[in-house]
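Remarks on the overall topology
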Number of protein chains: 4
Amino acid sequence: MVAVNDANTKHMFDNRYGTGQSTLDGVIRATNVLLAGKVLVVAGYGYCGKGVASRARGLGAQVVVTEIDPLAALEAAMDGFRVEPMAEAAREGDIFITVTGNRDVIREEHFKVMKDGAILANSGHFDIEIDLPSLAALAASGPRQVRPMVDEYVVEGAGGDSARVAVIAEGRLVNLSAAEGHPASVMDMSFANQALSVEWLVKSREQLKPQVYTVPAEIDASVAKLKLEGMGISIDTLTREQEEYLSSWTVGTR
Amino acid sequence: MVAVNDANTKHMFDNRYGTGQSTLDGVIRATNVLLAGKVLVVAGYGYCGKGVASRARGLGAQVVVTEIDPLAALEAAMDGFRVEPMAEAAREGDIFITVTGNRDVIREEHFKVMKDGAILANSGHFDIEIDLPSLAALAASGPRQVRPMVDEYVVEGAGGDSARVAVIAEGRLVNLSAAEGHPASVMDMSFANQALSVEWLVKSREQLKPQVYTVPAEIDASVAKLKLEGMGISIDTLTREQEEYLSSWTVGTR
Amino acid sequence: MVAVNDANTKHMFDNRYGTGQSTLDGVIRATNVLLAGKVLVVAGYGYCGKGVASRARGLGAQVVVTEIDPLAALEAAMDGFRVEPMAEAAREGDIFITVTGNRDVIREEHFKVMKDGAILANSGHFDIEIDLPSLAALAASGPRQVRPMVDEYVVEGAGGDSARVAVIAEGRLVNLSAAEGHPASVMDMSFANQALSVEWLVKSREQLKPQVYTVPAEIDASVAKLKLEGMGISIDTLTREQEEYLSSWTVGTR
Amino acid sequence: MVAVNDANTKHMFDNRYGTGQSTLDGVIRATNVLLAGKVLVVAGYGYCGKGVASRARGLGAQVVVTEIDPLAALEAAMDGFRVEPMAEAAREGDIFITVTGNRDVIREEHFKVMKDGAILANSGHFDIEIDLPSLAALAASGPRQVRPMVDEYVVEGAGGDSARVAVIAEGRLVNLSAAEGHPASVMDMSFANQALSVEWLVKSREQLKPQVYTVPAEIDASVAKLKLEGMGISIDTLTREQEEYLSSWTVGTR
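Cut-offs used in this document
- Residues numbered from 1 in each chain as written.
- Chains lettered and ligands numbered in written order.
- Predicted model: local features only at pLDDT ≥ 70, side-chain atom pairs only at ≥ 80, totals over all residues.
- Heavy atoms only, no water.
- Helix = DSSP H or I, 4+ residues; strand = E, 2+ residues; numbered from the N terminus.
- Contact = heavy atoms within 4.5 Å.
- Areas by Shrake-Rupley, 256 points an atom, 1.4 Å probe, with all protein chains shown as cover.
- Buried area = accessible area lost by both parts, 1.4 Å probe.
- Salt bridge = Lys/Arg side-chain N within 4 Å of Asp/Glu carboxyl O.
- Expected span 1.5 Å × (residues − 1).
- Buried < 20%, exposed > 50% of the residue type's maximum accessible area, 1.4 Å probe, protein only.
- Domains from an automatic or database assignment.
- Axes fitted to C-alpha atoms, helices over the stretch in contact; angles between N-to-C directions.
- Parallel < 35°, antiparallel > 145°, perpendicular 65-115°, else oblique.
- Left-handed = near helix turned anticlockwise from the far one by under 90°.
- Nonpolar A, V, L, I, M, F, W, Y, C, P; charged D, E, K, R; others polar.
- Least-squares fit on C-alpha atoms with pLDDT ≥ 70 in both.

**Quick word on the overall build of chain A**
In terms of regular secondary structure, chain A is built from 11 helices and 10 strands. Along the three orthogonal principal directions, the C-alpha set of chain A runs to about 75 × 50 × 35 Å. A separation threshold of at least 6 residues defines the contact pool for chain A, and within that pool the share at least 24 residues apart is 61%. Total accessible area on chain A stands at roughly 10,500 Å², and carbon and sulfur atoms take up 53% of it.

**Some words on the interface of chain B and chain A**
Every contact between the two is made by 27 residues of chain B and, on the other side, 27 residues of chain A. Both faces considered, chain B and chain A share a buried interface measuring about 2,100 Å² in area, 49% of it formed by carbon and sulfur atoms. Looking at the side of chain B facing chain A, the largest losses of area belong to Gln21, Asn32 and Leu34 of chain B, adding up to 29% of the total buried there. Summed over the shared surface of chain B and chain A, the number is 2 salt bridges. Between Arg147 of chain B and Glu180 of chain A there is a salt bridge, with the nearest N and O atoms lying 2.5 Å from each other.

**Focus on helix α10 (residues 217–230) of chain A**
Taking 1.5 Å of rise per residue, 14 residues should cover 20 Å, and α10 of chain A covers 20 Å from first to last C-alpha, within 8% of that figure. Buried residues of α10 of chain A: Ile219, Asp220, Val223, Ala224, Lys227 and Leu228 of chain A, and no others. Each element contacted by the buried residues of α10 of chain A is listed here: α1 (8–11) and α9 (184–203) of chain A together with α4 (70–78) of chain D. Gly232 of chain A lies just past α10 of chain A and shows a positive phi near 75°.

**What to know about the domain arrangement of chain A**
Examined at the domain level, chain A breaks down into domain 1 (12–177) and domain 2 (184–246). The centre of domain 1 of chain A, based on its C-alpha atoms, is set 35 Å off from the matching centre of domain 2 of chain A.

**Brief notes about the pattern of salt bridges**
Applying the stated criterion to the full structure yields 72 salt bridges over all chains. The partner of Arg16 of chain D in a salt bridge is Glu75 of chain A, and the shortest N-O contact between them spans 2.9 Å. Within this pair, whereas Arg16 of chain D is found in helix α2 (residues 14–31), its partner Glu75 of chain A is found in helix α4 (residues 70–78), the two belonging to separate chains. Its relative accessible area of 6% is what places Glu75 of chain A among the buried residues. Here Asp25 of chain D and Arg29 of chain D are joined by a salt bridge, their closest N and O atoms 2.9 Å apart.

**Topic: the packing of helix α2 (residues 14–31) of chain A against helix α3 (residues 47–58) of chain A**
Residue and element names in this part refer to chain A. Across the interface, α2 lies against α3 with an axial gap of 7 Å and an inter-helix angle of 50°. The angle between α2 and α3 falls in the class oblique. At the point where α2 passes α3, the crossing takes the right-handed sense. Side by side, α2 and α3 meet where Asn15, Arg16, Tyr17, Thr19, Gly20, Gln21, Thr23 and Leu24 of the first sit next to Tyr47, Cys48, Gly51, Val52, Arg55 and Ala56 of the second. Partitioned by chemical class, the residues of the contact of α2 with α3 number 6 nonpolar, 6 polar and 2 charged.

**Quick word on the relation of the copies chain D and chain A**
A rotation about an axis combined with a shift along that same axis relates the two copies of the chain. Between the two copies, chain D and chain A, the superposition gives an RMSD of 0.0 Å; the rotation angle is 180° and the shift along the axis is 0.0 Å. Taken together, the rotation angle and the small translation identify this as a two-fold axis. Both copies share a contact surface, since 100% of the interface residues of chain D are interface residues in chain A too.

Structure, rendered in structure tokens:
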């Protein structure tokens, strides 16, 4: 078995650039909301979260990132994003997007403090990132479909005021549900990895043991090369002196 | 008559943030193209062009700007965009968006040098920014609908090779044709200006002459204030000392 | 007299791109602080403030904008910045930059709530934007020079804890005091406007009255053209059909 | 021995955010050049190159990336940068920054086609990234010091015209030579890794063999946690249900 998802030309591109654009595309198609000036909360700062955060900022949103991993949180902060626990972000967000691979990332304690008009979407693995059963239990009314793919719940606040909370596509993957999924020009790399890995499996079947293999580096590099070619981009090649230099230790600062 | 389109809370917001997002939304809905890594040519760097260029960069495109006005061209260059005549940009672009208010911005000489797969859309006033009659006359085949809203023409190059050129929505406004137009949260300001200006016209009808008036500054400012309030944003107010300072000339560097 | 500062090729470039870079250059030279991950508060969102805010975000800071004008505040919010009154921003900022043209923009009530290590700089007209006399009166100790150009004050908080607050260049223009002022490639336009305006004054002296004139549009445009040429940038020119179209009302959507 | 440079809290931060800012700081201090509107060529798109490219774009430059690795080249393109071989970039660049770890990245063939006024700096390992001996041999005159840290060479072009090429700090690390190196707030993480790794070496000396160890993951994570704390940033922690979910395979889309 080959772990195709771990190929660099897969997860670094499909997850980041594909998910980044198609997630916001799904949110916009479902709601026609203007991102400029909105507080957009991204839960999770892995490759997918990085893609969503970067594209949301690029569309004029003020992005807040939530994380459980200190290293990813630090990276988000250094990239210029506000980093907060979800308990705080829940009070501030206009739009929430979960991309964590975990469950209940947005849950009862968070629904209770949301602003009127909050929009929730998931672009992570499963439809359990937003705890919808607890939202349904909490809500005074809803789900009520207000646009195709958009369900509204009304949550009563502690002070007697109430907030309308909209959930896109029942918390399922918003880019697949409300948009067209990843564009062809990023899936081509993922599919090339799959096809070439299957070919490699067949050709190497005599030598392989029953285990999970990583995609061979040559396949990964060859996918990158073909893609650059397809984009009409040329790059540099090493001179002989440079190759020698890189394989030696003899030269330093003059 | 009141020139509502000239109100600051109209043209600075609707034209820039509204057109910026909705134009790319239209392009993506029509084609599902990934903007990351694409060369996107924006013709015109007025408020609309600024919006489109900024959002396209935010989605990962490499943006080229064409202009006829030196000042706008210089601003685009200082904003970090590559500025070129259309004759050059036509050879490099993957996606072209016209937002000029002029005609024939992309015309025969440009179609002839385009790359295979080029995508053309208009987000300016009329459907004459892209000279479609000359494209139809030039093309060996087409228009052929390849997706809803997308027509493909095949243009034969000088060297015998041919390029497929796709036009979205027959060159009509791409954000209205292929997306939902501006989001409500930017049109609200435009409509507020219209409603308040009509009210002002009626109330002031005794004093007004038959001419074109600009939107009264108080209306413009009041729309901005209401919008901030609606977004939950507070701002500072002048202290008495600051008001005095601003209306005097007596204080400078100590 | 000619109001050279109002020429487009002056205030749109010098104030925005010049001040944007040179202000942060001054802050970095004075303190060697890393902007990535810092909360940077910009007071004022005019051309100078836009420049500083945009460049600070580009260097990885999380930018907060304060304003007194609703329209400018709205623009800042739509550009993706957090907008707050200074009373709130004062609690959150790591770095503060005033570019308002007003006085006492940061004053006693703000100093009192600042975080330990806050850095203050002014890039607006005079050294009165930061109310230093009140900081000196409030401080338990200071000013103490901790680096060249940097004075530290210690402010005792309400809870008994104390915060060190650093002021760069005694609140004088930070880009002139701690850096080299605007780069030549933006001052060239300002000086060209001045020189050409003086020439125009002399040549037109018979026709001019004793009043303030705006820079003639031809001078402004010619400065932009020369600058583009100097940057090696070509732009489009109108075809005869386009010129006709722009001066008529006869053609619309087909 | 511990490979401290490979710790995530070192190379992901120091190399990217530290080098990104301090490299441009060095270029600006040495030359006072305005980055807005300039074509800035970054050779190498590793962590350092990513940092420099991102910050240069943030300061308004039009960034071109050169690479020898297809994967890095593709990432640069998807991040919105123009990717070209150095032979092309050399003709277009106003400013060149090498961050490759290789030698002769800019060499005779490149010097020959540069524009008048080109500025060269190195922020990679050694002073051999720019092939200065060949520049000196090629030049009709120079090096002539035109500002502190800046040497000008005059290169005669094929057509008889000549170009002035400026080299900063003799091609040595520009951030150390012409600026103050990395800011404290990024070196703190690198030094914390070093100190904690030395402590770990001493404490674990009985169990260790003579080999190169990676920094223990706990040290890396603890540095990230301490840094977040120092920045006043809180993050989420897993609930018990979330921990269970992450360690099981039983739940998927409902």
